[in-house]
Amino acid sequence: MIELVVVIVLLGILAAFSLPRYANLTTAANISVLESIGAAVLSAANIVHTKALVLGVQGEPNSTIDLDGDGVDDIELRYGYPAASRAPSGFRDPNNVFKAMDSNSTIDLAWGTNAPPASFVVITTASIQGSSGGKVNRNAIEDTNCYLRYDHAASPGAPPTVTYVTNDC
């Protein structure tokens, strides 16, 4: 009987030391996921900017281009980079930086924008936000305190920026 008590006490001590380490691993993993998403967002933005350079629209404050070659403009640009906008009439959501990303890579992401004319998109994983992904209320994402923010280009020659909020990851 004494051996059983000693084993239970030892297991309790081990659990007390390992639980905080596990929590830190979860936080680090969530932050790494956000950083990977941020890199994918900026990579997609740079690919779109390359097409904007070819088409000569990189200096325009507002323009649209056709990404998929179907002859219909399907993404909004700000100074040649994907906008952080909601879909206006004639466009389907997402028509912002998400349109430039592979649809398979965005299926598990939740995103929202500020009020039109939108200047930023907030993005997190659907599991962190507690939804099935897709467009959701921006405040619900910001309330997680574990998201990234994509601000579209604000002037000619200025690239978009990605910032991270990781207080509660």
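From a predicted model like this one, the values you see are computed outputs, not experimental measurements. (Residues numbered from 1 in each chain as written. Predicted model: local features only at pLDDT ≥ 70, side-chain atom pairs only at ≥ 80, totals over all residues. Heavy atoms only, no water.)

Novice: Explanation requested: the overall build of the protein in the structure shown.
Specialist: Scanning the protein from terminus to terminus reveals 5 helices and 8 strands. Listed N to C, the secondary structure of the protein is α-β-β-β-α-α-β-β-α-β-α-β-β in terms of helices and strands. Burial analysis of the protein (169 residues in total) assigns 36% to the buried set. Across the protein, contacts joining residues at least 24 apart in sequence account for 47% of those joining residues at least 6 apart. In the structure as shown, the protein presents an accessible area of about 9,300 Å², 59% of it carried by carbon and sulfur atoms. (Helix = DSSP H or I, 4+ residues; strand = E, 2+ residues; numbered from the N terminus. Buried < 20%, exposed > 50% of the residue type's maximum accessible area, 1.4 Å probe, protein only. Contact = heavy atoms within 4.5 Å. Areas by Shrake-Rupley, 256 points an atom, 1.4 Å probe, with all protein chains shown as cover.)

Novice: Sorry, what's going on with the sheet that holds strand β2 (residues 75-78) here?
Specialist: The strands that make up a sheet are held in pairs by hydrogen bonds between backbone atoms, and each pair lies either parallel or antiparallel. Strand order across the open sheet formed by 3 strands is β1-β2-β3, with antiparallel pairing between neighbours. Of all strands in the sheet, those with a lone pairing partner are β1 (63-65) and β3 (81-82), marking the two edges. (Pairing = 2+ DSSP bridges.)

Novice: Looking at this structure, I do not really get the nonpolar core. What am I missing?
Specialist: Across soluble globular proteins, nonpolar side chains show a tendency to be buried alongside one another. Formed by 21 residues in total, the largest nonpolar core has its most connected members in Ile37, Val41, Phe98, Val121, Ile123 and Tyr150. For this core, the secondary-structure elements that each account for two or more residues are α1 (2-55), α2 (97-100), β4 (109-113), β5 (120-125) and β7 (147-151). Residue contributions to this core peak at 5 residues, all from α1. Setting aside residues no more than four positions away along its own chain, Ile123 makes contact with Leu34, Ile37, Val41, Phe98, Leu109, Ala110, Trp111, Ile141, Tyr147 and Leu148. (Core = buried A, V, L, I, M, F, W, Y, C linked by side-chain atoms within 4.5 Å.)

Novice: Could you clarify how one ought to interpret the packing of aromatic side chains in this entry?
Specialist: Think of a pair of aromatic rings as described by two things: how far the centres are apart, and how the planes are tilted against each other in angle. All chains considered together, the criterion is met by 0 aromatic pairs. Positioned above the aromatic ring of Phe120, the side-chain terminus of Arg149 is 3.6 Å from the ring centre. (Phe/Tyr/Trp six-rings, centres within 6.5 Å; stacked < 30°, edge-to-face > 60°. Lys NZ or Arg CZ within 6 Å of the ring centre and 35° of its normal.)

Novice: Would you mind showing me how to read the pairing of β5 here?
Specialist: For a regular strand, side chains alternate in direction, first toward one face of the sheet and then toward the other. β5 sits mainly inside the fold: 6 of its 6 residues count as buried. With burial as the criterion, each face of β5 is covered, one bearing Phe120, Val122 and Thr124 and the other bearing Val121, Ile123 and Thr125. Two elements, β4 and β5, share 5 bridges in a ladder whose sense is antiparallel. Residue pairing in the sheet places Gly112 in a bridge with Val122 of β5.

Novice: Hey, could you run me through the state of the cysteines in this one?
Specialist: Any covalent bond linking the sulfur atoms of two cysteines counts as a disulfide. Under the defined criterion, the tally for this structure stands at 1 disulfide. Note that Cys146 is cross-linked by a disulfide to Cys169, the S-S spacing being 2.0 Å. Judged by the torsion about the S-S bond (100°), the Cys146/Cys169 disulfide is right-handed. Pair noted here: Cys146 is in the loop between α5 (138-142) and β7 and Cys169 is in the segment after β8 (161-165), with a separation of 23 residues, a long-range link. Per residue, the accessibility class of Cys146 equals that of Cys169, and both read buried. (Disulfide = S-S within 2.5 Å.)

Novice: What should I look at first to understand the sheet that holds β4 in this one?
Specialist: Here 5 strands make up an open sheet; going across it, the order is β6-β4-β5-β7-β8 and the pairing mixed. Of all strands in the sheet, those with a lone pairing partner are β6 (134-135) and β8, marking the two edges. As defined by bridge partners, β7 adjoins β8 across 5 bridges and the pair is classed as antiparallel. Its bridge partner lying in β8, Asp151 is registered against Thr161.

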